[in-house]
Every structure is written in structure tokens, then in C-alpha cells.
Amino acid sequence: MNILYKSFHLVDVDNERTVRNDISEDFDSFINDFVDFSNHNEKAKAYVIMHEEDLISDCIQRIVNDTDIEYRNELSDKIALKLLESEKLAQAKIYPTGSKVKRGSLVQALVQNSDDEYEYILAKVEHSEWYDGISLHRNSGFSSEKKSIWKFAIYNMYSINDHIVFNDVSVFTDTKAKYWTVSFLELEEKRDDAFNTYNAYKAIDNELKSAIKTSSPRDYVVLSNEIQNTMNTPQDLNYSNYVEELIDQYEPVSTEIDKEVIKDCLLALPERKHFDTEFKTVPSSIENKRTKKYKIADGVELMIKSTSSDFSKRITSTLKNGRRVLEIVCDEDETYNAFIEENA
């Protein structure tokens, strides 16, 4: 691994400025440690570049192809300024909540792994200030021991006749804030089967909540459970065919449910919510979605697993002597016997 270029910028949102700081040769040890850290970071996700003409991608290509240090510095300054603008916008959005975008510094490095393979590193690291014990001058930077890396992106690429070809971008962020990938890097999360399974399930469930849960909670519960069961079953899924079949065969409990409207809303989701229409379902991607819990009373919950295909016939609500009662058909002797009333 050969480090061809590196830079370090303080990104000062409060004073609306970026400050380039000189870095010494021993800073290479941080770059080496960082590359090892990022390659073993299981929380990093694959992203793709939406437009290679965007500022970040364009600057990276120029930094790879041009070895003039002053020009490279100019380009890395542009990248730092774009991060500043993105953080200012993000700060403005969250200002009413009293929250703050984490203050930090931007590390950039161009690494050559072979004759034609490169990585460009962008990392936002924790920034702090301290006073020098001898001169008592105030210094700023980050701890080499702590290495608090809040966000990073590694652009993997190779060169063919001075033309840069980008592969996936490995991205890690410590929060759900989207400004790092959306407004700063202008990236889109790569769509694999796990991504499609999770996003499809989440989009459908949210759409059903919005469209029918208020008017018919029972219809929402039944359809949501059916979707859970589908996504938790490994299979090749054609989304459009699945939606057509699901809605056409479903008999709503409520007369207020317009099946054609629901179908049209669901069929529009792939474009609106950015997932593919054909993919293999990956149950592990919705591991925490395999059960739904319903509060019965304080300390009492009803749990329904997505593998249940006939729960709607087993569980019904009714009124008895003015009291709201859940009636559950029970196959398990132990459970049934545990709730028999002695005088029943």
C-alpha cells in the first residue's frame, strides 16, 4: 500500500470556514490503521455513485490523474468546502430540536494498492482542542490513541489509460443522519437482495398503515402478517406479480377498503422507495420483524409470529356483558388448561 496524497481539514461550522492543517509523515501510520479498521468494519455498507460528474467523484478522478500537489490541494479544499455546506444545511434542519451536527475534521487520502488499483479515503474524525503543556498555546486536532471515526467513505477504483473506473463505495456512519451520503457524497445505497427485502417490507407495511390501518385495523393486521410471511420465506419474488396476486385474492373485512386503490399504491412503491421489482427474499434482513406484539393490558401481550398463516381465523374480538374480549382458538393443552376457570 502506497499513500500518494493526504490532507487534513478542520470543518468549522460555527465560523463557516474550513482550515487546512499541515500533516507530518508519521500521519501515514494513522492511514494504515484506518484502512485496516475500515476493511474489518462489519457495519460498513456498499453504496454506488449516482452521477460521476458530481463534485466529489470529479475531484477524486482529478486527484488520481494529476500529481501536481498544489492542484491536488485545491481539489481537496473543494471537497472540504462541500462537507461544510452539507453540514450547515444539516444543522439548519435540526436546529429547532436543539441538536447539533457533531463537530469534526475531515481526513482525505489517496492510496495505491497496485499498479492500477486505488482507494480514496474520506473520514470525519472527532475534533477536540487542548492547550500545549509547554507553550500553553491552544491546539486542535484528534487523538491518535482514541481514533474516534464518526463517518467514512472509501472509493474503490481502477485506472485504464488514465480513465478512472469506480467500483462500490464502502460507507460507514455512526448515526442515521443522511447528509453524509446524500448531500455531501451524493451516493445511493447499493441494492442487493437483502436491501430489497428490507426496503420492500418496510415500504409495504408503512403504506398499509397509512392507507387502511385507521379505517380497518383487522385488514391491516391480516395483510401485514401475510407480507411478513412472504418476506420470511426464501424465494424468488416478482414484486408486481406478488402484489397483483395478494390483493386480487384478498377478501377485505371492511367494505371501505378499495382493493384497486391499494394495489395501485403498492405497485408504485418500487420507484418511490427505491427497491427492485425482482429479487430473492432474504429473511435475515428483517430478523426483528418476525413477530408483532399487541398490548392486551398492563403486563399482558399477544405475540403473533409471521409464520402463522391462519391466526385471523383463530383470534377474534367480541363483546361479552359489555366487556371487550379476545377469543383465541387454542390447540395447546398446557396453555388451555392454565386458564380454565374452576367454576366454568
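Our subject is the structure listed above.
Residues numbered from 1 in each chain as written. Predicted model: local features only at pLDDT ≥ 70, side-chain atom pairs only at ≥ 80, totals over all residues. Heavy atoms only, no water.

### Describing the overall build of the chain
Right, on to step 1. Scanning the chain from terminus to terminus reveals eleven helices and 16 strands.
Right, on to step 2. At 27 Å, the chain has a C-alpha radius of gyration far larger than the 20 Å of a compact globule built from 344 residues.
Right, on to step 3. Across the 344 residues in the chain, those meeting the buried criterion constitute 39%.
Right, on to step 4. In the chain, the proportion of contacts linking residues at least 24 apart, taken out of those at least 6 apart, comes to 62%.
Right, on to step 5. Surface exposure of the chain reaches about 20700 Å², of which carbon and sulfur atoms provide 47%.
Right, on to step 6. Between the centroid of the 43 positive side chains of the chain and the centroid of its 64 negative side chains there is a distance of 7 Å. (Helix = DSSP H or I, 4+ residues; strand = E, 2+ residues; numbered from the N terminus. Rg over C-alpha atoms; globule rule 2.2 N^0.38 Å. Buried < 20%, exposed > 50% of the residue type's maximum accessible area, 1.4 Å probe, protein only. Contact = heavy atoms within 4.5 Å. Areas by Shrake-Rupley, 256 points an atom, 1.4 Å probe, with all protein chains shown as cover. Lys, Arg positive; Asp, Glu negative; His and termini not counted. Charge placed at Lys NZ, Arg CZ, Asp CG, Glu CD.)

### A word on the pattern of salt bridges
Where charged atoms from two side chains of opposite charge approach closely, those side chains can pair.
Right, on to step 1. Under the counting rule described, the total for this entry stands at 21 salt bridges.
Right, on to step 2. For Glu87, the salt bridge goes to Lys124, with nearest N and O atoms at 2.6 Å. In this pair, Glu87 is assigned in helix H3 (residues 69-94) and Lys124 in strand E5 (residues 117-126), connecting sequence segments 37 residues apart.
Right, on to step 3. By relative accessible area, which is 0% here, Glu87 ends up buried.
Right, on to step 4. Since its relative accessible area comes to 2%, Lys124 is described here as buried. (Salt bridge = Lys/Arg side-chain N within 4 Å of Asp/Glu carboxyl O.)

### So, the sheet that holds strand E4 (residues 104-112)
Right, on to step 1. Taken in spatial order, the eight strands line up as E2-E1-E4-E5-E8-E9-E3-E10 in an open sheet, and their pairing is antiparallel. Looking at the sheet topology across the chains shown, the edges are occupied by strand E2 (17-21) and strand E10 (187-189). The average undirected angle you get between the axes of adjacent strands in this sheet is 25 degrees.
Right, on to step 2. Bridge analysis of E4 against E5 gives nine bridges, and the strand direction is antiparallel. Paired with Ser105 across the two strands is Val125, which belongs to E5. (Pairing = 2+ DSSP bridges. Axes fitted to C-alpha atoms, helices over the stretch in contact; angles between N-to-C directions.)

### Quick look at empty space enclosed by the protein
Right, on to step 1. Using the criterion set out here, one finds two cavities of 30 Å³ or more in the structure.
Right, on to step 2. The space that makes up the largest cavity amounts to roughly 50 Å³.
Right, on to step 3. Along the walls of the largest cavity sit Ile212, Asp219, Leu223, Ile247, Tyr250, Ile257, Lys259 and Ile262, which together make up its complete lining.
Right, on to step 4. Every element with two or more residues in the lining of the largest cavity is listed here: helix H6 (217-231) and helix H8 (259-267).
Right, on to step 5. Its residues assigned to classes, the lining of the largest cavity comprises six nonpolar, no polar and two charged.
Right, on to step 6. In this structure, the second largest cavity encloses a volume near 30 Å³.
Right, on to step 7. Sorting the residues of the lining of the second largest cavity by element identifies H6 and strand E13 (291-297) as the ones contributing at least two each.
Right, on to step 8. In terms of residues, the lining of the second largest cavity owes the most to one element, H6, which gives three residues.
Right, on to step 9. Looking at side-chain class alone, the lining of the second largest cavity contains four nonpolar, two polar and one charged residues. (1 Å grid on protein atoms, 1.4 Å probe; cavity = no way out; pocket = protein on both sides within 12 Å on 5 of 7 lines; lining within 4 Å. Points joined across faces, edges and corners; volume = space filled by probe spheres on them. Nonpolar A, V, L, I, M, F, W, Y, C, P; charged D, E, K, R; others polar.)

### Comments concerning a nonpolar patch on the surface
Right, on to step 1. On the surface, Ile296, Val300, Leu326 and Ile328 cluster together into a nonpolar patch covering about 320 Å² of accessible area.
Right, on to step 2. Structurally, Ile328 can be placed in strand E16 (residues 323-328).
Right, on to step 3. On the basis of relative accessible area, Ile328 is assigned to the partly exposed category, the value being 47%. (Patch = residues over 30% accessible without salt bridge, like charges linked within 9 Å, V, L, I, M, F, W, Y side chains within 5 Å.)

### A closer look at the layout of surface pockets
Right, on to step 1. The volume enclosed by the largest pocket comes to roughly 1900 Å³.
Right, on to step 2. Looking at the largest pocket, it is lined by 46 residues, and the ones nearest its centre are Ile296, Leu302, Ile315, Leu326 and Ile328.
Right, on to step 3. Looking at the lining of the largest pocket, the elements that each hand over two or more residues are helix H5 (193-213), H6, E13, strand E14 (300-305), helix H10 (311-314), strand E15 (315-320), E16 and helix H11 (333-338).
Right, on to step 4. Here the residues of the lining of the largest pocket are counted per class, giving 23 nonpolar, six polar and 17 charged.
Right, on to step 5. In this model, the second largest pocket occupies a volume close to 1200 Å³.
Right, on to step 6. Every element with two or more residues in the lining of the second largest pocket is listed here: strand E3 (45-49), strand E9 (163-173), helix H4 (180-184), E10 and H5.

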